[in-house]
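Structural characterization, general
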Amino acid sequence: MMNKLFTYLLALCTAACLYGCSEELEEMTSTEESPSNIVSRSIPESFSCGTIETDPPAWYFNTPRVFNNNSIYTLNIYIHVIRSSSGVGFNKEEVAQTVITNLNGYYASAKINFYLLGSDYIDSDRYNNSNDSYFDEICKQKPHINAVDIYVLSNGENWGRTAGRARMISSACVIRSYNYQDFAPAHELGHCFGLYHTHHGTAESGIPELVNGSNSATAGDYMTDTPADPCEWNIFGEYIGTGTDANGDYYTPDPTNLMSYSWAYNQNRFSAEQIAKMRSIISQREEVSPTIHQKQIIGPKHFSNSGTYSLSVLNADESVRWEVTAYSENGSTKTTYTTSTLTLSSTQPTYYSIVASITSPAGTKSVTTHATCNEPSPYIGSLYWETNQGQYSITDATNYGGTLYVSGNINLSLEYRDKAGNTSDALPGVDFMCTTASNRLVRGKTFSLTPADCERDLYIRAKDACGTAESFFVIPCQVTNYYYDVNVALGEVAIGVVKTDNAEVNAILTAQKAKQAVVFNAATDVKIKSVVVYTENRQVLYSKEYAMGVSEIKIDAVSWASGVYHLSISNGTEVRHQKIMIP
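Residues numbered from 1 in each chain as written. Predicted model: local features only at pLDDT ≥ 70, side-chain atom pairs only at ≥ 80, totals over all residues. Heavy atoms only, no water.

**A few points about the sheet that holds strand 4 (residues 112-123)**
The condition that has to hold: The rule for pairing is simple: two strands pair if DSSP sees at least two bridges between them. Secondary structure elements are defined from DSSP: runs of H or I of at least 4 residues count as helices, runs of E of at least 2 residues count as strands, and each element is numbered from the N terminus. In what follows, residue pairs with any heavy atoms lying within 4.5 Å of each other are defined as contacts. Lines fitted to C-alpha atoms define the axes here, with helix axes fitted over just the stretch in contact, and angles between the N-to-C directions of these axes take values from 0 to 180 degrees.
Judged by pairing direction, the sheet is mixed, and its 6 strands sit side by side in the order 2-6-7-5-3-4 without closing on themselves. Strands with a single pairing partner mark the edges of an open sheet, and in this sheet they are strand 2 (48-49) and strand 4. Across 11 bridges, the pairing between strand 3 (residues 73-83) and strand 4 is parallel. If you follow Ile77 over to strand 4, its bridge partner there is Leu116. With respect to the sheet, helix 3 (residues 92-106) is in contact with strand 3, strand 4 and strand 5 (148-153), its orientation differing from that of strand 4 by roughly 155°. The strands touched by helix 6 (residues 184-192) are strand 2, strand 3, strand 4, strand 5, strand 6 (162-166) and strand 7 (172-176); relative to strand 7, the strand with the most contacts, the crossing angle is about 155°.

**What to know about helix 8 (residues 503-515)**
Rule in force here: For a helix, the expected span equals 1.5 Å multiplied by the residue count minus one. When accessible area is computed with a 1.4 Å probe and restricted to protein chains, residues below 20% of their type maximum are described as buried, those above 50% as exposed, and intermediate ones as partly exposed. As used here, the arc is the angular range of directions from the helix axis to the C-beta atoms. Pairs of N or O atoms are called polar contacts if they sit within 3.5 Å, as long as, within protein, a hydrogen donor faces a hydrogen acceptor (for residues adjacent in sequence, only side-chain-to-side-chain pairs).
In this model, helix 8 (13 residues) spans 19 Å end to end at C-alpha, consistent with the 18 Å of a helix rising 1.5 Å per residue. Residues of helix 8 that are buried include every one of Val505, Ile508 and Leu509, and no others. Down the axis of helix 8, the sector holding all buried residues measures 95°, keeping them to one side. Exposed positions of helix 8 whose direction lies more than 90 degrees from the buried face are Ala503, Thr510 and Ala514. The N-capping residue of helix 8, defined by a side-chain oxygen 2.9 Å from the backbone nitrogen of Glu504, is Asn502.

**A closer look at the pattern of salt bridges**
Applied cut-off: Salt bridges are defined by distance alone: a side-chain nitrogen of Lys or Arg within 4 Å of a carboxyl oxygen of Asp or Glu.
The full count for this structure, using the stated rule, is 14 salt bridges. The partner of Glu386 in a salt bridge is Lys579, and the shortest N-O contact between them spans 3.6 Å. In this pair, Glu386 is assigned in strand 17 (residues 381-387) and Lys579 in strand 34 (residues 575-582), connecting sequence segments 193 residues apart. Residue classification places Lys579 among the partly exposed residues on the basis of a relative accessible area of 31%.

**As for the packing of aromatic side chains**
The line we're drawing: Paired rings are identified among Phe, Tyr and Trp, the last through its six-membered ring, by centres lying within 6.5 Å, and are further divided according to the angle between planes into stacked (under 30 degrees), edge-to-face (over 60) and tilted (the rest). Two limits define a charge over a ring: the Lys NZ or Arg CZ must be within 6 Å of the ring centre, and within 35 degrees of the ring normal.
Within this structure, the stated rule accounts for 20 aromatic pairs. Geometrically, the ring pair formed by Phe303 and Tyr309 is edge-to-face, given 6.5 Å between the ring centres and 65° between the ring planes. Accessibility expressed as a relative area gives 5% for Phe303, which makes it buried. Members of the aromatic cluster, joined through ring pairs, are Trp59, Tyr60, Phe61, Tyr196 and Tyr222. Taking NZ or CZ as reference, Arg83 lies 3.5 Å from the ring centre of Tyr121, over its face.

**Here we look at the sheet that holds strand 9 (residues 297-298)**
Note: strands within a sheet are paired through backbone hydrogen bonds, in either parallel or antiparallel orientation. Judged by pairing direction, the sheet is antiparallel, and its 3 strands sit side by side in the order 9-11-14 without closing on themselves. Two strands bound the open sheet, and with one partner strand each, they are strand 9 and strand 14 (342-345). Judged from the 2 bridges that link them, strand 9 and strand 11 (residues 306-311) form a sheet pairing that is antiparallel. For Ile297, the partnering residue across the bridge sits in strand 11 and is Leu311.

**Points about the pairing of strand 29 (residues 492-499)**
Of the strand pairs in this sheet, strand 28 (residues 482-489) and strand 29 are connected by 8 bridges, and their pairing is antiparallel. When the sheet's bridge partners are listed, Tyr484 is paired in strand 29 with Val497.

**Describing the state of the cysteines**
Using the following cut-off: Cysteine sulfurs are considered disulfide-paired once they come within 2.5 Å of each other.
Under the defined criterion, the tally for this structure stands at 0 disulfides. Note on Cys454: no disulfide assigned, nearest cysteine sulfur contributed by Cys477 at a separation of 4.5 Å. A relative accessible area of 0% means that Cys454 is categorised as buried.

**Some points on unusual backbone geometry**
Residue Lys111 is not a glycine yet carries a positive backbone phi of 55°. The residue Lys111 is located in the loop between helix 3 and strand 4 in this model.

**Points about helix 7 (residues 272-284)**
Here helix 7 is 13 residues long and its end C-alpha atoms lie 18 Å apart, about the 18 Å a rise of 1.5 Å per residue gives. Counting buried residues in helix 7 gives 10 out of 13 residues, a clear majority hidden from the surface. Every buried residue belonging to helix 7 is among Glu273, Gln274, Ile275, Ala276, Lys277, Met278, Arg279, Ser280, Ile281 and Ile282, and all of these are buried.

**Things to note about the environment of Lys463**
Relative to the helices and strands, Lys463 is located in strand 24 (residues 458-464). Residue classification places Lys463 among the partly exposed positions, given a relative accessible area of 23%. Distance from Lys463 to Met433, taken between C-alpha atoms, is 8.5 Å for residues 30 residues apart in sequence. Discounting chain neighbours no more than four positions away, the residues touching Lys463 are Pro376, Gly429, Val430, Asp431, Met433, Arg443 and Thr468.

**Section: the confidence of the model for the chain**
Operational definition: What pLDDT reports is the predictor's confidence in each residue, on a scale of 0 through 100.
Taken residue by residue, the chain gives an average pLDDT of 89. The fraction at 70 or more is 90%. This model gives residues 517-523 a pLDDT under 50, and the stretch forms 12 contacts once residues within four places in sequence are excluded.

**With respect to the nonpolar core**
Counted only if it meets this: Throughout, nonpolar core names a set of buried Ala, Val, Leu, Ile, Met, Phe, Trp, Tyr and Cys residues whose side chains join them through atoms within 4.5 Å.
Counting 47 residues, the largest nonpolar core has Ile77, Leu103, Tyr107, Phe114, Ile150, Leu189 and Phe193 as the members making the most contacts within it. Taken together, the elements giving at least two residues each to this core come down to strand 3, helix 3, strand 4, strand 5, strand 6, strand 7, helix 6 and helix 7. For this core, the element with the most residues is helix 3, which contributes 6 residues. Excluding its chain neighbours within four sequence positions, the residues that come into contact with Ile77 are Ile100, Leu103, Phe114, Tyr115, Leu116, Leu117, Gly118, Ala147, Val148, Ile150 and Leu189. Formed by 24 residues, the second largest nonpolar core is a distinct cluster that contains Ile380, Leu458, Ile460 and Ala462.

So this is what it looks like as structure tokens:
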């Protein structure tokens, strides 16, 4: 009510100061006549809408006229506050809160809710100081397919009497300056959702509507439950017209309808047919339906000890049932909750699959999210490793992945990715540590290793801001005196077997030979038996076998697109995985 009072006073001041009504106000104060008989304004004065009301398409008349009172629609709104190029203007948070609160109040009876998808600034003197001829250009700035974009001008003085403008049946509108505080956004969204002015046809272009309603389905605003409106109001929102329609009947328009120009203090409603029209267009028309809010589970993707989850929107006619499956070193458990919010807690590394089933009069739908808690662990995530020679693999608690073959000093890069999609870069404080076979402690996200460090498997512990995991990631290691040299040049991939003559490697292999019956010797035994090339999405691009084995091969890669490719190279006994980049 206070907001409406402010709007009414603003309208009164605006009529006096901006729109040339000062003489009329002086006349009012100098007589004892009723203000309803003196202070009047025609269509353009005090408030006007810049929306161009095009003729409705044929399908418009086939939409239902009865409000089907079923589930609540929630629509996404994105607020763009247009300021000066130097950033002077309205605060986007204040504007967004005001607009969303008012819209939800005005549209409550229509069972249409609004969800703030986001807000931003557009700092541009060009648009902030524009007139409404810039409307189409403004609506092209940072648009959203999945939201109604509302552009609020901090200045807007050059828009004159135009408080706002929209496209008929669309998902964008522009609001002039402080009109964001009144019913202008609700009015313009009415146009977005297919509504015409109540005075359409009677006081502006179109077919005049008769007072008796006999032609109201195809004339006026095309609604049979909104009275014909000649748009003659005083500054108090009172109808003051004395004219009659073609039949000689006097008009009795509705000052409370949000699609009129009454500017009445209690202008706050839509008719039942208007509501039915909006709901039909929202649900069926591709210009608007993508803005319907798709519910999401809001909550942390990773937490320490406890995390709370809720739905982005839970309407009054909806209930939610949560089904949570928790996976940890101890196995899995499934639990069901019926509270509106969900709090999960654990003292050990845990991966959660969270399913929310939302039931409404329209049926039941489900949304899912995933989360992890506490320190990085092979039971809830994987360790991705890669060497400076291109070898790579993945290891976790159930699969150690490929072997790390070491024929000289290497750099080993590590990245942790958990089952909820969190990575080392996103998780705060992630680090790795390992005591190698040579009893060296190495730590960081990249290890510099010697062959002696890799005489046995690497046992790596991970930590983050939650703490250090008790469980180890294991990378199988093998010291060898050969490697595959892979070169990419001039549209060709060349792969060759290279024997190393590394003293440290030879010493390790000699020691191993004394303990084992057979030691693989690259000098006499290694041949390439097969090569498979995969694309980044794991599709086979090239595959070839060499029954007798070869020491070097060349692959024609002229037709390959630029990007990362994966090689699997086998000598018949072992398979090594390497990455290459095609420029």
